[in-house]
Amino acid sequence: MKILVPVKRVIDANIRVRVKADNTGVETANVKMAMNPFCEIAVEEALRLKEAGNAEEVIVVCVGPEKSAETIRTGLAMGADRGVHVATDERLEPLVIAKILKVVAEKEGTDLVILGKQSIDDDNNQTGQMLAAIMGRPLGSYISKIESSDGGFAITREIDAGLESLKITSPAVVTADLRLNEPRYASLPNIMKAKKKPIEVMSPEDLGVEVKNRTNVVRVDEPPAREAGIMVSSASELVDKLKNEAKVI
Amino acid sequence: MSVLVIAEHDNSQLFPSTLNTVAAASKINSEVDVLVAGSDCGDIAAQCAKIAGVGKVLCADAPTYANEITENTAALVKAHVSNYSHVLAPASTFGKALIPYTAALCDVQAISDISEVVSEDTFVRPIYAGNALQTVQSSDSVKMITVRTTAFELADAESGSAEVITVEDFGATDWVQFVDQNLSQSERPELTSAKVVVSGGRGMQNGDNFAMLEKLADNLGGAVGASRAAVDAGFVPNDYQVGQTGKVVAPDLYLAVGISGAIQHLAGMKDSKVIVAINNDEEAPIFQVSDYGWNEDLFVAVPALQAELESN
Ligand SMILES: Cc1cc2nc3c(=O)[nH]c(=O)nc-3n(C[C@H](O)[C@H](O)[C@H](O)COP(=O)(O)OP(=O)(O)OC[C@H]3O[C@@H](n4cnc5c(N)ncnc54)[C@H](O)[C@@H]3O)c2cc1C
Ligand SMILES: Nc1ncnc2c1ncn2[C@@H]1O[C@H](COP(=O)(O)O)[C@@H](O)[C@H]1O
């Protein structure tokens, strides 16, 4: 089995983002970047499937500007075998990314694509669902467990009401939720080894995908700020405030 | 052309998220239809027909739709899409899986988690865990959208009188086989629509201590939530998680107990009307967004609060 893991480069989850003064986006200059946390979980799961003898090869793919190569190296340092970098400086929507990923997945002949459930910058939560739809492959969204079973996969999904178990056929597309695993840190020797692993670079045009967005970002604004209120020091004071001042109980 | 809302339900109950989504749809166009896909879901369709502002209810009642298999519902929605300018569903795990999947089938770029309707083609949505608000305009001929339910009121559930039309079953995929569900059983109100939410974090130390919060929630008629740290530690099930990648809540009263206030947590609760924080670290960031902060050990504060509420 060959596993493809699409990974995205995003502003580090610990950074507090700031909206640009001209309202065109958020400040990205000199801001720490990292692999999207859900993509780390996806890479980890692919590696575990390989280590358990269920997969032969793990390929990480990133669509994005030159620096995306760093994110691919992170995946290689975790243990992925090789990388694919679809290089472009354009802003890309999930539908275009899904179209690019479809061509890569088909070219590579992958049996399983594991994506993150959500990118923490645009908070889209779309690409995996779109990829499954356009590839005509079963979708396992928000998974917290995956096992090979009867030539397909047995998965558990995190849904609003609890957990759901499904069986899906192979090849499949799944998206990783938080509880799927805890991603490993890359060890120093593995970071060194990753420098020698191959990354193939190509463009969306090479893959025959037209980069054409359907949405236009009109502006980006700072949300209304919430002010800190007052401190209380006893239960009676708190209950009194909630009853008589805030009137919520 | 009118707007199609996909109803969220479990075949026995219509979820309030459907009412919020109808309210959002009404801001786009006064003509709103609702699609109910389910099994033995006649009662749900009848309830949808009573929602104010709904013109027609399309009801697909078949075993195909007994469980929310994304592929099956998407094929059904796609079959009806040519009659609509917009398709809306709540930004729940149901809608968040269904809408992008259906959009891609129709070659449409979906728009996630809108919190405001600016015009027919322009919407506001939070990005970066709610640290920025993006205004986005769509040029697709059909707009497929998930709705942040807490940002819209509930449509009136009683004053409508729509007709119910039975629609065809579009067949089940054989790629996906439903096995079972392991749902959290609770007598408490549902987290995303509760008026009061009492949430616990890593400071709770273990699952047993959540009993204190359950008692508080029961006293206040509320639901119990949690931070990611509390879920990851196994104190409570996954469906309790409030935040950027969990549930978004905006109750009248949100009580955060032993929660530090990471941006990812704030993303799921900072639109609550009144926020109360109990934390023994006076530097905890949660105090910066709290209307009432109480810098106290939670094992002292929570029982004291419970006693005070009981004596009142
Ligand atoms: C990709 C990603 C997605 C995430 N999504 C979410 C999400 O959806 N929701 C979410 O909540 N988090 C999310 N997080 C995690 C988030 O960053 C924080 O790690 C998490 O919210 C911390 O939970 P906590 O406040 O319970 O724990 P901590 O940050 O450890 O805080 C515990 C608090 O309890 C207080 N405390 C301890 N003991 C006591 C006591 N006896 N009395 C009173 N107070 C006490 C401490 O002072 C501290 O402030 C996400 C993170 C990432 C990277
Ligand atoms: N530019 C990209 N390159 C590779 N994978 C991506 C890219 N954007 C999104 N993805 C994948 O899609 C997942 C969900 O992203 P999104 O739909 O943007 O929330 C991410 O976790 C990645 O696995």
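Higher on the page you've got the structure.
Residues numbered from 1 in each chain as written. Chains lettered and ligands numbered in written order. Predicted model: local features only at pLDDT ≥ 70, side-chain atom pairs only at ≥ 80, totals over all residues. Heavy atoms only, no water.

A. Molecular detail of the sheet that holds strand β8 (residues 132-138) of chain B. Within the open sheet, the 4 strands sit side by side as β12(A)-β8(B)-β7(B)-β6(B). Their pairing is antiparallel. Every interior strand has two partners, whereas the edge strands, β12 (215-221) of chain A together with β6 (116-119) of chain B, have only one. Across the sheet, the axes of successive neighbouring strands diverge by a mean angle of 30 degrees, strand direction being ignored. One ladder, built from 6 bridges, connects strand β7 (residues 122-127) of chain B with β8 of chain B; its direction is antiparallel. The partner of phenylalanine 123 of chain B across the bridge, within β8 of chain B, is valine 136 of chain B. (Pairing = 2+ DSSP bridges. Helix = DSSP H or I, 4+ residues; strand = E, 2+ residues; numbered from the N terminus. Axes fitted to C-alpha atoms, helices over the stretch in contact; angles between N-to-C directions.)

B. Highlighting the packing of aromatic side chains. In the structure shown here, the tally under the stated rule is 1 aromatic pair over all chains. Geometrically, the ring pair formed by phenylalanine 210 of chain B and phenylalanine 235 of chain B is tilted, given 6.4 Å between the ring centres and 55 degrees between the ring planes. Note that phenylalanine 210 of chain B is positioned in helix α5 (residues 210-220) and phenylalanine 235 of chain B in the loop between α6 (228-232) and β14 (253-257), a separation of 25 residues in sequence. Here the two residues phenylalanine 210 of chain B and phenylalanine 235 of chain B agree in accessibility, since each one is buried. A cation over a ring is seen here: lysine 117 of chain A above tyrosine 142 of chain A, with NZ or CZ 5.7 Å from the ring centre. (Phe/Tyr/Trp six-rings, centres within 6.5 Å; stacked < 30°, edge-to-face > 60°. Buried < 20%, exposed > 50% of the residue type's maximum accessible area, 1.4 Å probe, protein only. Lys NZ or Arg CZ within 6 Å of the ring centre and 35° of its normal.)

C. Here's a closer look at the site of ligand 1. Every one of the 29 residues lining ligand 1 counts as a neighbour, but Arg202, Ser227, Gln241, Ser260 and Gln264 of chain B are closest to it. Mapping the residues adjacent to ligand 1 onto the chains of the assembly identifies chains A and B. A distance of 3.0 Å separates an oxygen atom of ligand 1 from a polar backbone atom of glycine 258 of chain B. Residue asparagine 279 of chain B places a side-chain N or O atom 2.8 Å away from an oxygen atom belonging to ligand 1. The protein chains hide 82% of the 990 Å² of surface that ligand 1 would expose on its own. When residues of the shell around ligand 1 are traced back to their parent elements, those giving at least two are α1 (37-51) of chain A together with α6, α7 (263-266) and α8 (298-311) of chain B. Along the lines of polarity and charge, the residues of the shell around ligand 1 split into 10 nonpolar, 14 polar and 5 charged. (Near = heavy atom within 4 Å. Polar contact = N/O pair within 3.5 Å; in protein donor to acceptor, adjacent residues only side chain to side chain. Areas by Shrake-Rupley, 256 points an atom, 1.4 Å probe, with all protein chains shown as cover. Nonpolar A, V, L, I, M, F, W, Y, C, P; charged D, E, K, R; others polar.)

D. Region of the structure containing α5 of chain B. All names here are of chain B. The set of residues buried in α5 consists of Phe210, Leu213, Leu216, Ala217 and Leu220. Viewed along the axis of α5, the buried residues span an arc of 110 degrees, placing them on a single side of the element. In this structure, the buried residues of α5 make contact with β12 (196-200), β13 (223-226), α6, β14 and α8. Two residues or fewer after α5 comes glycine 221, characterised by a positive phi angle close to 65 degrees. (Arc of directions from axis to C-beta. Contact = heavy atoms within 4.5 Å.)

E. Local environment of unusual backbone geometry. Serine 170 of chain A connects to proline 171 of chain A through a cis peptide bond whose omega is -5 degrees. Within the secondary structure layout, proline 171 of chain A lies in the loop between β9 (162-168) and β10 (172-176). One non-glycine residue with positive phi stands out, namely tyrosine 142 of chain A, at about 60 degrees. Along the polypeptide, tyrosine 142 of chain A turns up in strand β7 (residues 139-149). Overall, tyrosine 142 of chain A belongs to the buried group, its relative accessible area being 1%. Of note in the backbone geometry, aspartate 113 of chain B takes a positive phi value of approximately 60 degrees without being a glycine. Note that aspartate 113 of chain B resides in strand β5 (residues 111-114). What makes aspartate 113 of chain B buried here is its relative accessible area of 15%.

F. Main features of the site of ligand 2. All names here are of chain A. Residues in contact with ligand 2 amount to 17 residues; listed here are only the nearest, Pro6, Val63, Ser119, Asn125 and Thr127. A distance of 2.7 Å separates an oxygen atom of ligand 2 from a polar backbone atom of proline 6. One of the backbone N or O atoms of valine 63 is found 2.8 Å from a nitrogen atom in ligand 2. Calculation on ligand 2 without its partners gives an accessible area of 480 Å², and the protein chains cover 98% of this total. Only β4 (57-64) and β6 (112-116) provide two or more residues apiece to the shell around ligand 2. Here the shell around ligand 2 gets 3 residues from one element, more than from any other, and that element is β4. Tallied by class, the residues present in the shell around ligand 2 amount to 8 nonpolar, 8 polar and 1 charged.

G. Quick look at a nonpolar patch on the surface. Residues Leu188, Ile191 and Met192 of chain A make up a contiguous nonpolar surface patch of about 290 Å² in total accessible area. Mapped onto the fold, methionine 192 of chain A is located in helix α5 (residues 188-194). (Patch = residues over 30% accessible without salt bridge, like charges linked within 9 Å, V, L, I, M, F, W, Y side chains within 5 Å. Salt bridge = Lys/Arg side-chain N within 4 Å of Asp/Glu carboxyl O.)

H. Up close: the sheet that holds β4 of chain A. Across the sheet, 10 strands lie side by side as β11(A)-β5(A)-β4(A)-β1(A)-β6(A)-β10(A)-β7(A)-β8(A)-β9(A)-β11(B); this open sheet has mixed pairing. Edge positions in the sheet fall to β11 (199-202) of chain A together with β11 (176-183) of chain B, since each of these pairs with one other strand and no more. Put simply, the sheet's adjacent strands are angled 25 degrees from each other on average, direction ignored. When β4 of chain A meets strand β5 (residues 82-87) of chain A, the two strands line up parallel, connected through 6 bridges. Pairing of valine 60 of chain A across the sheet is with glycine 83 of chain A, part of β5 of chain A. Sitting on the sheet, α1 of chain A touches β1 (2-6), β4, β6, β7 and β10 of chain A, and the angle it makes with β6 of chain A is about 150 degrees. Lying over the sheet, helix α3 (residues 94-108) of chain A contacts β1, β4, β5, β6 and β11 of chain A, oriented at roughly 150 degrees with respect to β4 of chain A.

I. Quick look at the interface of chain A and chain B. At the junction of the two partners, chain A supplies 78 residues and chain B supplies 81 residues. Between chain A and chain B lies a buried interface of about 6700 Å² when both sides are counted; carbon and sulfur atoms form 55% of it. Sorting the residues of chain A by area buried against chain B places Asp160, Arg214 and Arg226 of chain A first, and these three jointly supply 12% of that buried surface. Taken together, the connections running from chain A to chain B amount to 5 salt bridges. The shortest N-O distance in the salt bridge between arginine 226 of chain A and aspartate 291 of chain B comes to 2.8 Å. Between chain A and chain B we count 51 residue pairs in polar contact (both at pLDDT 80 or more) in total. Here the side of chain A that touches chain B takes 8 residues from helix α6 (residues 235-245) of chain A, the largest share from any one element. Residue composition of the side of chain A that touches chain B, grouped by class: 39 nonpolar, 16 polar and 23 charged. Here strand β13 (residues 230-232) of chain A pairs with strand β16 (residues 292-295) of chain B via 3 bridges, running parallel. Note on β16 of chain B: the bridge partner recorded for valine 232 of chain A is tryptophan 294 of chain B. (Buried area = accessible area lost by both parts, 1.4 Å probe.)

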